[in-house]
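As a plain string of letters, each chain reads:
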Amino acid sequence: MFEPMVRSSFVLAAAISVAAMAYPLVSATGQASRRDADQMKQKVAAIERLGERPDRGEPRRTTVTENEVNAYLALDAREELPPGVVDPVVTILGTGRVSGRAIVDLDAVRKQKKPTSMLDPANYLMGRVPITATGVLSTSNGLGRFQLESATVGGVPVPKMMLQEIVSYYSRTPQNPSGINIDDPFPLPARIREIQVDRGQAVVVQ
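Residues numbered from 1 in each chain as written. Predicted model: local features only at pLDDT ≥ 70, side-chain atom pairs only at ≥ 80, totals over all residues. Heavy atoms only, no water.

What to know about the pairing of strand β4 (residues 128-140)
Moving on, step 1. Strand direction decides the pairing type here: strand β3 (residues 97-105) and β4, joined by nine bridges, are antiparallel. Within the sheet, the bridge partner assigned to Ile103 lies in β4 and is Pro130.
Moving on, step 2. Here ten bridges tie β4 to strand β5 (residues 143-153), and the two strands are oriented antiparallel to one another. When the bridges of β5 are listed, Leu137 appears paired with Phe146.
Moving on, step 3. Counting the residues between successive antiparallel strands, the hairpin from β4 to β5 contains two residues, one of them, Asn141, with a positive phi of roughly 50°. (Pairing = 2+ DSSP bridges. Helix = DSSP H or I, 4+ residues; strand = E, 2+ residues; numbered from the N terminus.)

Here you go:
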């Protein structure tokens, strides 16, 4: 399915898909956001259909906008997010750079990891706080990689190690009990070859 890729490639990969520069998701009437979400759903379905067809060699490109991705995340992808992660927003900065923001419940992360000392950063993982991350999303030959540039927890800059603890906890699955490693490459689904990240939009190449 392509829908988990929307979460992992844009939300998890951007915070790893967690935006210091968040745009409003809903207009005054709400119509634009609903329309953007529907457009994203249609594009997701089209990408999935293309991924099921035999490879004809000719690249097919689908452009998704930042507004479409965020409207989809706000209105249609809530049940796909891990419990304790809400209000994800992605900012597509351009030239491969993306930024993500989400509200995350850190109490669960802190409880599953016993602090090793008074100076352990886990001592400060408390409550529901905004997590942001910015980095470069690079993709080629069906694989993606996210290179973290900066991260904050509750507005305070944090080391990569702390963000990794949070990402690992919330990305755990029965198939991958250790969760996602920020540095690991990840396969792109639906026979996607690459994702070209431009300012305010991304082009999915199949």
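After that view, the rundown keeps rolling.
Focus on the pattern of salt bridges
Moving on, step 1. Summed over the entire model, instances satisfying the criterion amount to five salt bridges.
Moving on, step 2. We note a salt bridge from Glu149 to Arg97, for which the minimum N-O separation is 3.0 Å. Of the two residues, Glu149 sits in strand β5 while Arg97 sits in strand β3, which places them 52 residues apart along the sequence.
Moving on, step 3. With a relative accessible area of 44%, Glu149 lands in the partly exposed category.
Moving on, step 4. On the accessibility criterion, Arg97 (29% relative accessible area) is partly exposed.
Moving on, step 5. Ionic contacts of the salt-bridge type, sharing partners, join the residues Arg34, Asp38 and Asp76 into one network. (Salt bridge = Lys/Arg side-chain N within 4 Å of Asp/Glu carboxyl O. Buried < 20%, exposed > 50% of the residue type's maximum accessible area, 1.4 Å probe, protein only.)

Re the pairing of strand β9 (residues 201-205)
Moving on, step 1. Counting buried positions over the five residues of β9 gives four, a clear majority of the element.
Moving on, step 2. Across five bridges, the pairing between strand β1 (residues 61-65) and β9 is antiparallel. Looking across to β9, one finds that Thr63 is bridged to Val203.
Moving on, step 3. Relative to β9, strand β8 (residues 194-198) is paired through five bridges, and the arrangement is antiparallel. For Glu194, the partnering residue across the bridge sits in β9 and is Val205.
Moving on, step 4. Linking β8 to β9, which pair antiparallel, is a turn of two residues; within it Gly200 sits at a positive phi near 80°.

Quick look at the nonpolar core
Moving on, step 1. In terms of nonpolar packing, the biggest core is built from 39 residues, with Val104, Leu106, Ile131, Val153, Leu163, Ile166 and Ile192 touching the most fellow members.
Moving on, step 2. Those residues in contact with Val104 that lie beyond four places of it in its chain are Gly84, Val85, Gly127, Arg128, Val129, Ile131, Ile166 and Tyr170. (Core = buried A, V, L, I, M, F, W, Y, C linked by side-chain atoms within 4.5 Å. Contact = heavy atoms within 4.5 Å.)

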